[in-house]
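Inside the fold
Single-letter residue listing:
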Amino acid sequence: MLKGRQSLIRLIGKRRRFLPNRHNFISSFPTTPQNCSSLCKKDDSEFKDLVEKSQGSGSMESVNCPVCGAQLPGQDNGLINSHLDECLARGKKRKLSQRTFLQFNFLTPKVKFHSIQPDDIGNQVIITDPAKVIVCDTIHNSNMSDDFEESDNNQNDSSIDSVALQSDRLASCTDSPIVDDSINNKSHSLPLPLENVMPNYVMEKTVEDFDITKVFLQTFIVGRKFSTVEELDPGAMIRLSRDPENVKDPNAVKVLYADCADDNVLGYLPRELAQYLSPLIEMFNLSFQGYITFIPKDSRAIVPIQIVCKDELSCDEKYRDNVQVFNSLWQHALRVVELAKTSPLGMTRYQHNLVLLIQDVLKSNPHLFPIGEKSFLEAFDSLSDDSQRLFARLYTRKGPWFRMSNISYPEISDCNQAIKGLSETGYICFFSLRDDDLEEVLNVLNIDELREALRMLNKAAVCTRLHVAPPMVLPTLKIFASHSNINKFKHGTRKQETIDLLLSSCNYGSRSRLASFILSKTGACVRISALAESLIWRAERLFFLNGEQDVSSFLLVDLGIVKYPSYNCILSEQIFPNRSDLLAYEEAIEIAQIMDESLDDSNFELVLKCIEISDSRLSISVEKSRSLAGGSAVTFLSCFSVSWVYSKVVLLGVSFFEREKRYDDAINLLKRLLHNFLSDGRRGYWTWRLSVDLEHLGCLDESLRFAEDGLHDPWVRAGSRVSLQKRVLRLGRPPRRWKIPSYSKSVNRKIPEVHVQGRPLNSKPGMKSIFYGEDGEQCGVEQLALQYYAGEGGGWRGVHTESGIWLTIFGILMWDIFFADVLNVFCTKFQTAPLDLEFDSFYEARKSLIESLLDKIQDGMAEEILITSWELHAGTACRGVHWEKHTLSELREAVTCIGGHCLASICRHLAQGYRSWSSGMPDLLLWRLHDNYRGEAKLVEVKGPRDRLSEQQHAWLLVLMHCDFNVELDIKAGELIFSAEKLLTQQSRLKMPRSVVF
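Residues numbered from 1 in each chain as written. Predicted model: local features only at pLDDT ≥ 70, side-chain atom pairs only at ≥ 80, totals over all residues. Heavy atoms only, no water.

The protein appears in an unreviewed UniProt entry as Fanconi-associated nuclease from Abeliophyllum distichum. The annotation that UniProt attaches to the protein under Subcellular location (unreviewed entry) is "Nucleus". Within the UniProt record for the protein, the comment given under Catalytic activity (unreviewed entry) is "Hydrolytically removes 5'-nucleotides successively from the 3'-hydroxy termini of 3'-hydroxy-terminated oligonucleotides." (UniProt positions renumbered as here; feature names shortened; annotations may be inferred.)

Spelled out as structure tokens, the structure:
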């Protein structure tokens, strides 16, 4: 992947389906500031036109199919009859089979929950109200996990261990299926209010201290469409029964009438609750009964019930052996029930979350939306619940087009009315015969329907030619027909290739025929309107301030997968001061997305155009920002500027030109980047690439000059500085330079070497080497090194982590400093680090706090600080901290053996330049403890036979040597492979904290 591509992808985030300025960018690009903010001139009259256009698309006279409910043109009898025949032949209503993020299950990180204790008041368990922190600006939420797993709905819960693991899995969203891929319930769970914390449920006694038969659980019957009983009786007695044969959910729990057989299913328990009650029923032989509390008007709606365990807990041997499993399952069941109580009646979580997002953005950024756009977004709140839910569902789908006949969700009572409401307000539009819609709507067809369309077009084309051709050429045309495009289609052809073939076979006259064919197969199709997509995307961007998070992030909060840290948002200025800045930023993101898409499609002509546009606009935006800011702009907020986005596109352009060996073009871009950004941490990399590209062109003197100038630049740091130093030493040999630089000795410092032999199983270039370890199992070179050092290498303990363990230690030690009250660094409710973490202002704004903490670390208090911070914040998301990868005991031993002096120095480097120093640490961190609290640490960089140290790794080695680490180079050598290891050791006699005992 090109250098800078991954960074650009993160900046773009989820690709937009509709880019309002794509056509203007592709046809011609503007170079004036007026054109750069062309969207600013769009007034409310244009907005009204878009809304009227969206509304008009659904205003035609139509009829509804009696089988599937699809809306069809009322005047087209042929289309109606054809569609009705297909529906009757199909026999049943089809559903969307595509699964969304809202339907996934997630495996939670190992986050500890507060234990639940019963309060024995009137023999009832009283769960205390969850503590709430009202955020004027205090945030305490759950964070997006970097590594979560989808549930495959096929877990094996037959063993105690698997049940224990399942007890740690939080509920999936309320829409997860029980016996079908489509959603089959509408249970209501907590839509976490933005101003509240995730509730902690505290029970004051153990489960043995109270009677579980007195605990009433209020829940729901879901999945009524699978019930064999059509009408329910209010107050009727019910019982629960396990359904282990359920192919979609092995934890499914059926709800039955108390006096009926198991085949008279009323419905199911919500998946969230069933995953905890099912192992309780099976492992501890508990049975539950209850009654129906209320019958809703809608026969498909969820049915409220109340259940209670009718068996007293038997403290037999089986229970005593699994008491922790029982407590965990019971506590989680109570938590799910309590969360469901706080959900607004008649509103599902994802719907409520989208409403909250829109309201919060309009409240926080009223100056960024004109009256027309405000009215449009405010109209969403006035839509019916069904319309809001349907829009939220379709917005998170891939789309962009959806068959109305396939749209069906159990929580939406009337999809046709929901579509009508959305169409009237302009939130969705219907398929029309515009050319730009034709290709997109073809994706709605399956491969057999595409095949049929291709045959239809070829047949129509041949018939037309035969009709108008002279008799003498008819044999030739028949031969041509036998070699038409349909014969190019082969089984196994990809769908996109089929669509391309279909479009190439479709001329102007046959487009209307193809559109009619599509409508005959799909019925009416709908999509999110361009206006709605643009405004909701804008709202998401303003709410999260990045492209990696969207409305789906609320789901992680609702599921309680992780917690967000608590912090105060203290704002003195807006991220986007005015609407023109926001629209210019959106245009820059569009250019970045077009650039990324063009690279995927190998459309190099469009890639060059994007580079040219970005380069031109970059200079203009930089000059404009300099004139307006007068040098007083907050540095870390510049990452939300137009120039920041264009600089990433230009840097990707540099990589593109270098790959194409167009070094002149790459040099020109690099020079303009260095000219435009005088105070930027990226200047080191730009200077290094400029020097390298000049050498490619044979301009050695100029290459040397730029490298030497770069070493005088205070923004050139870490690995970039080392690489420039090496270039100066290599290019500056006599006769170009006679004086040896002062850093020569440090850069060329020889590291002692140690050789160890190893034998790989494979030696293919580009593939990771696999070895047989000392235990006979296959492993990687890092695991082999760990085994060596644990055995004959000296009894070392350690981890393969590279920079991971260092960033974890840094984040835990610096927790209070990370989330201290600093102006403008916390602007959203979903941050895991301050906005200025990767900028110099992080250290400058907190210098006294940081130096005070570093003094304590140097005095040997790091372990005590680590323990305190771990106990307070374990499981809470923080940039760089990986709670699940390292145990507290490992971190305690590591900081003890590293020593206060070195640890403080490493933390200082990270605090002063997190972006520069957060990568490049050696592969292995090893440590061992001796008597009298004598600690020893070693850092090992593992290399293959043709590998060498990167400049960033070399820079870290120099820093660690400066911290008085003893360094040696250990080379693993063998007949087939060898690896180089840079070893850093230090012995330290530390004073242990009084509370710490090994």
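Quick notes on the overall build of the protein
Scanning the protein from N- to C-terminus turns up 37 helices and 21 strands. Per-residue burial over the protein gives 55% buried out of 998 residues. The long-range fraction of contacts in the protein, counting pairs at least 24 apart against all pairs at least 6 apart in sequence, stands at 75%. Taken as a whole, the protein presents about 45,000 Å² of accessible surface, with 51% of it coming from carbon and sulfur. (Helix = DSSP H or I, 4+ residues; strand = E, 2+ residues; numbered from the N terminus. Buried < 20%, exposed > 50% of the residue type's maximum accessible area, 1.4 Å probe, protein only. Contact = heavy atoms within 4.5 Å. Areas by Shrake-Rupley, 256 points an atom, 1.4 Å probe, with all protein chains shown as cover.)

Some details on the pairing of strand β7 (residues 253-257)
Of all five residues making up β7, five are buried, and the element is well covered by its neighbours. Pairing of strand β6 (residues 237-242) with β7 involves five bridges; the strand directions are antiparallel. Of the residues in β7, the one forming a bridge with Arg242 is Val253. Here β7 pairs with strand β8 (residues 265-268) via three bridges, running antiparallel. (Pairing = 2+ DSSP bridges.)

Overview of the state of the cysteines
Summed over the entire model, instances satisfying the criterion amount to zero disulfides. Left without a disulfide partner, Cys827 is nearest to the cysteine sulfur of Cys569, which lies 6.8 Å away. (Disulfide = S-S within 2.5 Å.)

A short note on the pattern of salt bridges
Taken as a whole and judged by the stated rule, the model has 40 salt bridges. Measuring nitrogen to oxygen at the nearest pair gives 2.6 Å for the salt bridge that ties Arg15 to Asp596. Separated by 581 residues along the polypeptide, Arg15 in the loop between α1 (5-12) and α2 (22-27) and Asp596 in helix α21 (residues 579-600) bring together distant segments of the chain. Residue Asp596 is classed as buried on the basis of its relative accessible area of 4%. Note that Asp665 and Arg662 form a salt bridge whose closest N and O atoms lie 2.9 Å from each other. Through salt bridges with shared partners, a single network forms among Arg5, Arg15, Asp596 and Asp600. (Salt bridge = Lys/Arg side-chain N within 4 Å of Asp/Glu carboxyl O.)

Some thoughts on the packing of aromatic side chains
If you walk through the whole model with that rule in mind, you get 33 aromatic pairs. Centre to centre, the rings of Phe326 and Trp330 are 6.4 Å apart; their planes meet at 10°, and the pair counts as stacked. Here Phe326 pairs with Trp330, and both are found in helix α9 (residues 323-341), just four residues apart, close to one helical turn. Take Phe326: its relative accessible area is 0%, and that puts it in the buried class. With centroids separated by 5.2 Å and ring planes inclined at 55°, the aromatic side chains of Trp815 and Phe819 adopt a geometry described as tilted. Trp815 sits in the buried class, given a relative accessible area of 4%. For Phe819, a relative accessible area of 8% translates into the label buried. Sitting over the face of the ring of Trp537, Arg16 holds its NZ or CZ atom 4.1 Å from the ring centroid. (Phe/Tyr/Trp six-rings, centres within 6.5 Å; stacked < 30°, edge-to-face > 60°. Lys NZ or Arg CZ within 6 Å of the ring centre and 35° of its normal.)

Comments concerning the sheet that holds strand β11 (residues 402-403)
Neighbouring strands of a sheet are bound in pairs by backbone hydrogen bonds; such pairs are parallel or else antiparallel. Strand order across the open sheet formed by three strands is β11-β13-β12, with antiparallel pairing between neighbours. This sheet does not close on itself; its edge strands, each paired only once, are β11 and β12 (428-430). Of the pairings in the sheet, the one linking β11 to strand β13 (residues 525-528) comprises two bridges and is antiparallel in character. If you follow Phe402 over to β13, its bridge partner there is Val526. Packed on one face of the sheet, helix α13 (residues 415-425) meets β12 and β13 and runs near 100° to β12. (Axes fitted to C-alpha atoms, helices over the stretch in contact; angles between N-to-C directions.)

Looking at a negative patch on the surface
On the surface, Glu774, Asp775, Glu777 and Glu792 cluster together into a negatively charged patch. Inspection of the secondary structure puts Asp775 in the loop between β15 (770-772) and β16 (778-780). (Patch = residues over 30% accessible without salt bridge, like charges linked within 9 Å, V, L, I, M, F, W, Y side chains within 5 Å. Lys, Arg positive; Asp, Glu negative; His and termini not counted. Charge placed at Lys NZ, Arg CZ, Asp CG, Glu CD.)

Notes on unusual backbone geometry
Apart from glycine, the bulk of residues carry a negative phi angle, and the bulk of peptide bonds sit in the trans form. The peptide bond linking Gly399 to Pro400 adopts the cis configuration, its omega dihedral lying at 5°. With respect to the helices, strands and loops of the structure, Pro400 is situated in the loop between α12 (385-396) and β11. Note the cis peptide between Pro734 and Pro735, where omega equals 15°. Along the chain, Pro735 turns up in the loop between α27 (718-731) and α28 (744-747). Phi at Leu545 takes a positive value of approximately 60°, unusual for a residue other than glycine. As for its position among the elements, Leu545 is in the loop between α19 (530-544) and α20 (553-559).

Side note on the sheet that holds β6
Sheet architecture is open: six strands sit in the order β5-β10-β9-β6-β7-β8, paired in antiparallel fashion. Each edge of the open sheet is held by one strand with a lone partner, namely β5 (216-221) and β8. In this sheet, adjacent strand axes meet at a mean angle of 35° when their direction is disregarded. The sheet strands contacting helix α7 (residues 271-284) are β5, β6, β7, β9 (288-292) and β10 (303-309), and the helix crosses β6 at an angle near 80°.

What to know about helix α30 (residues 804-813)
Of all ten residues making up α30, ten are buried, and the element is well covered by its neighbours. Burial in α30 covers these residues: Gly804, Ile805, Trp806, Leu807, Thr808, Ile809, Phe810, Gly811, Ile812 and Leu813.

Some remarks on the environment of Val253
With respect to the secondary-structure elements, Val253 resides in strand β7. Considered as a pair, Val253 and Gly267 are 14 residues apart in the sequence and their alpha carbons are 8.8 Å apart. Those residues in contact with Val253, other than ones at most four positions away along the chain, are Leu240, Ser241, Arg242, Gly267, Tyr268, Leu269, Ala274, Ser278 and Ile281.

Considerations on the side chain of Gln725
Structurally, Gln725 is set in helix α27. In contact with Gln725, other than residues within four places in its own chain, are Leu711, Tyr743 and Val747.

Focus: the nonpolar core
If you look at the biggest cluster of nonpolar residues, it comprises 163 residues, and the most contacted ones within it are Phe391, Ile857 and Leu903. Contacts of Leu903, omitting those with residues within four sequence positions, involve Trp806, Ile809, Leu813, Ile857, Ala862, Val895 and Ile898. Core analysis: the second largest hydrophobic core is formed by 37 residues, Leu269, Ala274, Ile292 and Ile307 among them. (Core = buried A, V, L, I, M, F, W, Y, C linked by side-chain atoms within 4.5 Å.)

Quick look at the packing of α30 against helix α35 (residues 900-912)
Contact pair α30 / α35: the axes reach a minimum separation of 11 Å and the direction vectors enclose 85°. By the angle class used here, α30 and α35 are roughly perpendicular. On the side of α30, the interface is formed by Trp806, Leu807, Ile809, Phe810 and Leu813, while α35 contributes Leu903, Ile906, Cys907, Leu910 and Ala911. Within the contact of α30 with α35, the residues separate by chemical class into ten nonpolar, no polar and no charged. (Parallel < 35°, antiparallel > 145°, perpendicular 65-115°, else oblique. Nonpolar A, V, L, I, M, F, W, Y, C, P; charged D, E, K, R; others polar.)

What about the confidence of the model for the protein?
Per-residue confidence for the protein averages 75 on the pLDDT scale, and 70% of its residues sit at or above 70. Scored below 50 in pLDDT, residues 50-60 shows 16 contacts in the model against residues more than four places distant or in partner chains. (pLDDT = per-residue confidence, 0-100.)

A few points about the side chain of Gln831
If you trace the backbone, Gln831 turns up in the loop between α31 (815-818) and α32 (841-845). Residue class for Gln831 comes out buried when judged on its relative accessible area of 7%. Separated by 3.0 Å, the side chain of Gln831 and the backbone oxygen of Ala833 make a polar contact. (Polar contact = N/O pair within 3.5 Å; in protein donor to acceptor, adjacent residues only side chain to side chain.)

A word on the environment of Gly758
Here Gly758 lies in the loop between β14 (753-756) and β15. Distance from Gly758 to Leu784, taken between C-alpha atoms, is 8.5 Å for residues 26 residues apart in sequence.

With respect to the environment of His909
Relative to the assigned elements, His909 resides in helix α35. Separated by 50 residues in the primary sequence, His909 and Val959 have C-alpha atoms spaced 9.1 Å apart. Sequence-distant contacts of His909, that is, excluding residues within four places in its chain, are made with Tyr914, Trp917 and Val959.

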